[in-house]
Amino acid sequence: ARFDRRLRTLSCLACCVRATSTYGDGSVNAAFEVACDDTTMTISFNKTELDARSVSGVSERPYTITFAGTTTANCTTDKDGTVIGDNLILSANYPDDCGLVQTQETEYIQYSTVITIAYGRVSANPSISRMEYDNYTVSCKLNRTLDTKLSGDFYNVTHRLDGSDSGESEGTFNLTLNHYAKGTGLRQDVYKVGDLITFQQDFYGPDVLKAVIQKCKATSDGASAHEYLLIDDKCSADPGTSVSSNTRNQIKFDVEAFRFLSPDKNQVYIECSSEICLVGDVSGACASCNPFGRRKRRAVAEEESQVPSQRKRIVRSSMFTVERNSEETAINDVKSNKDGSHHDVIITSWQGILIIALLTVIVVVKFVEIITRKYRKTKESGIEYERVTENETV
């Protein structure tokens with residue numbers, strides 16, 4: 001009897017990697033995949049290729065696929081197990097289902113284990129063996145700091161003919177940012193200046209992780225125009241902004257509505273940058289806001305510039321509009337009246353000053369004209385009196 005043991009290694013970054021190379025002596029060529037999402041690691045093996053392993057092409061050999069070190073039913077399968085398409089499926093939930101081991105690296109949260117495929121039947125005689133084994137070391141590596149968009153890119157899978165294989169692909173955790181009128185829970189597309197707007201960011205990762213907002217900013221174009229900081233270095237940077245609740249997977253902060261003082265810029269865009277951390281980590285970017293120990297903005301900017309771009313995670317809320325002030329409404333009403341529409345015209349402060357000035361000029365001109373006329377009449381009356389007196393004397 002022959003004892004044959006092979007070792008393959010496969011790791012995955014929140015997606016799936018497929019390996020189809022020949023290993024060991026070439027007698028087994030079963031393709032396998034590792035897939036990772038926010039909560040689960042899933043491993044699949046090509047059933048047709050596993051079933052093809054037979055003795056002299058006649059006798060089908062039984063086999064089992066198991067998470068190493070476990071015996072529970074949900075952690076093992078065989079040729080009669082769950083099949084999707086032509087693949088036998090095994091899965092385990094983070095952080096420790098079926099013996100998963102969780103570790104934290106500088107940039108990743110990693111979940112690792114070993115999958116064992118045992119071929120053949122156990123012999124009753126301890127002096128012989130008809131069993132063969134293949135061991136697959138598999139892992140899921142999830143990026144701790146998330147990018148704005150899902151990358152969806154795959155790294156090429158490399159392999160060695162001595163029985164080792166490895167592969168990685170990048171993915172991301174999921175964050176959402178929504179807004180609604182404070183106290184109502186109802187989303188609005190238009191707010192008035194001074195309204196309180198509640199912003200809510202939700203994180204959908206496992207319970208052992210948390211999302212920590214580092215910075216939130218408002219812009220007028222969803223990019224960088226008229227950039228205004230609401231939260232900086234995890235603390236409020238705006239007098240009209242305050243955090244109302246903060247938990248592992250959800251943070252709410254209230255903002256007093258404002259608008260940008262430029263034409264046609266009623267639209268406001270909000271985006272926040274967050275760091276994904278272990279729940280118990282309270283150091284550096286994973287700590288809560290400390291208003292008395294905040295670093296200088298220059299120091300924060302220098303630190304952020306040294307962080308790789310793939311570690312940054314930005315999430316954006318939907319765009320909303322803040323209504324303009326009554327001054328602009330009055331101008332629009334005046335224009336409407338010129339077109340024949342009837343509206344109550346609102347006179348703004350600068351328009352009132354202009355009207356008063358014009359009326360004052362008109363009054364002064366009229367007054368001078370009246371005085372001038374009276375002076376001329378008085379002078380003409382004096383001349384006539386002198387002429388009458390001269391005539392009487394003669």
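Figured I'd write up the structure that's included with this text. (Residues numbered from 1 in each chain as written. Predicted model: local features only at pLDDT ≥ 70, side-chain atom pairs only at ≥ 80, totals over all residues. Heavy atoms only, no water.)

Focus on the state of the cysteines
The full count for this structure, using the stated rule, is five disulfides. Disulfide partner of Cys36: Cys140, at an S-S distance of 1.9 Å. Linking Cys36 and Cys140, the disulfide has an S-S dihedral of approximately -80 degrees and is accordingly described as left-handed. You can see Cys36 sitting in strand β3 (residues 32-36) and its partner Cys140 sitting in strand β13 (residues 132-143), a full 104 residues away along the chain. By relative accessible area, Cys36 is classed as buried at 7%. A relative accessible area of 0% places Cys140 in the buried class. With its sulfur 1.9 Å from that of its partner, Cys75 forms a disulfide with Cys98. The S-S bond linking Cys75 to Cys98 shows a torsion near -85 degrees; that makes this disulfide left-handed. In this pair, Cys75 is assigned in the loop between β7 (63-67) and β8 (76-78) and Cys98 in the loop between β10 (87-93) and β11 (101-104), connecting sequence segments 23 residues apart. The two residues Cys75 and Cys98 agree in class, both being buried. Here the cysteine-cysteine linkages of the chain are recorded as 1-4, 2-3, 5-7, 6-10, 8-9, numbering only bonded cysteines and doing so in sequence order. (Disulfide = S-S within 2.5 Å. Helix = DSSP H or I, 4+ residues; strand = E, 2+ residues; numbered from the N terminus. Buried < 20%, exposed > 50% of the residue type's maximum accessible area, 1.4 Å probe, protein only.)

Thoughts on the pattern of salt bridges
Taken as a whole, this structure holds ten salt bridges when the rule is applied. A salt bridge links Asp254 to Lys182, with the nearest nitrogen and oxygen atoms 2.8 Å apart. On the criterion of sequence distance, the pair formed by Asp254 in strand β23 (residues 250-256) and Lys182 in the loop between β16 (175-181) and β17 (190-191) is long-range, its members being 72 residues apart. On the accessibility criterion, Asp254 (6% relative accessible area) is buried. On the accessibility criterion, Lys182 (41% relative accessible area) is partly exposed. A salt bridge links Arg373 to Glu369, with the shortest nitrogen-to-oxygen separation between them at 2.5 Å. Placement of both Arg373 and Glu369 in helix α4 (residues 349-393) is noted, with a separation of four residues, approximately one turn of the helix. (Salt bridge = Lys/Arg side-chain N within 4 Å of Asp/Glu carboxyl O.)

A few points about the sheet that holds strand β22 (residues 241-246)
As a general point, the strands of a sheet are linked pairwise by backbone hydrogen bonds and lie either parallel or antiparallel. Pairing is antiparallel across the open sheet formed by four strands, whose spatial order is β16-β18-β23-β22. Two strands lie at the open edges of the sheet, namely β16 and β22, each paired on one side alone. The average angle at which neighbouring strand axes cross in this sheet is 20 degrees, direction not considered. Inspection of the sheet shows β22 paired to β23 by five bridges, in the antiparallel sense. Paired with Ser242 across the bridge in β23 is Asp254. (Pairing = 2+ DSSP bridges. Axes fitted to C-alpha atoms, helices over the stretch in contact; angles between N-to-C directions.)

Quick word on unusual backbone geometry
Cis rather than trans, the peptide bond between Tyr94 and Pro95 has omega equal to 5 degrees. Although it is not a glycine, Asp233 sits at a positive phi angle of roughly 55 degrees. Structurally, Asp233 is set in the loop between β20 (228-232) and β21 (235-236). According to the relative accessible area criterion, Asp233 is buried, its value standing at 9%. Even without being glycine, Lys234 reaches a positive phi, approximately 75 degrees.

Observations regarding the environment of Arg248
Note that Arg248 resides in the loop between β22 and β23. For the pair Arg248 and Pro206, spaced 42 residues apart in sequence, the C-alpha to C-alpha distance is 10.0 Å. A polar contact of 2.8 Å, which involves the side chain of Arg248, links it to the backbone oxygen of Pro206. (Polar contact = N/O pair within 3.5 Å; in protein donor to acceptor, adjacent residues only side chain to side chain.)

What about the side chain of Thr77?
Along the polypeptide, Thr77 turns up in strand β8. Here Thr77 falls in the buried class, since its relative accessible area comes to 10%. Every residue in contact with Thr77, bar those within four places of it in the chain, is listed here: Thr64, Ile65, Thr82, Leu88, Ile89 and Leu90. (Contact = heavy atoms within 4.5 Å.)

Here's the deal with the nonpolar core
Formed by 33 residues in total, the largest nonpolar core has its most connected members in Phe45 and Ile65. For this core, the elements supplying multiple residues, two or more each, are β3, β4 (40-46), β7, β10, β12 (108-119), β13 and β19 (209-219). A total of five residues in this core trace back to one element, the largest contributor, which is β12. In this structure, Cys216, Phe260, Ile270 and Cys272 belong to the second largest nonpolar core, which totals 19 residues. (Core = buried A, V, L, I, M, F, W, Y, C linked by side-chain atoms within 4.5 Å.)

A short note on the layout of surface pockets
Sizing a probe to match a water molecule and rolling it over the atoms shows the empty space that remains. Considered as a void within the structure, the second largest pocket measures approximately 270 Å³ in volume. Looking at the second largest pocket, it is lined by 17 residues, and the ones nearest its centre are Ala211, Val212, Asn246, Ile251 and Ser288. In terms of residue count, the dominant contributor to the lining of the second largest pocket is β19 (four residues). Residues of the lining of the second largest pocket, tallied by class, amount to eleven nonpolar, three polar and three charged. (1 Å grid on protein atoms, 1.4 Å probe; cavity = no way out; pocket = protein on both sides within 12 Å on 5 of 7 lines; lining within 4 Å. Points joined across faces, edges and corners; volume = space filled by probe spheres on them. Nonpolar A, V, L, I, M, F, W, Y, C, P; charged D, E, K, R; others polar.)

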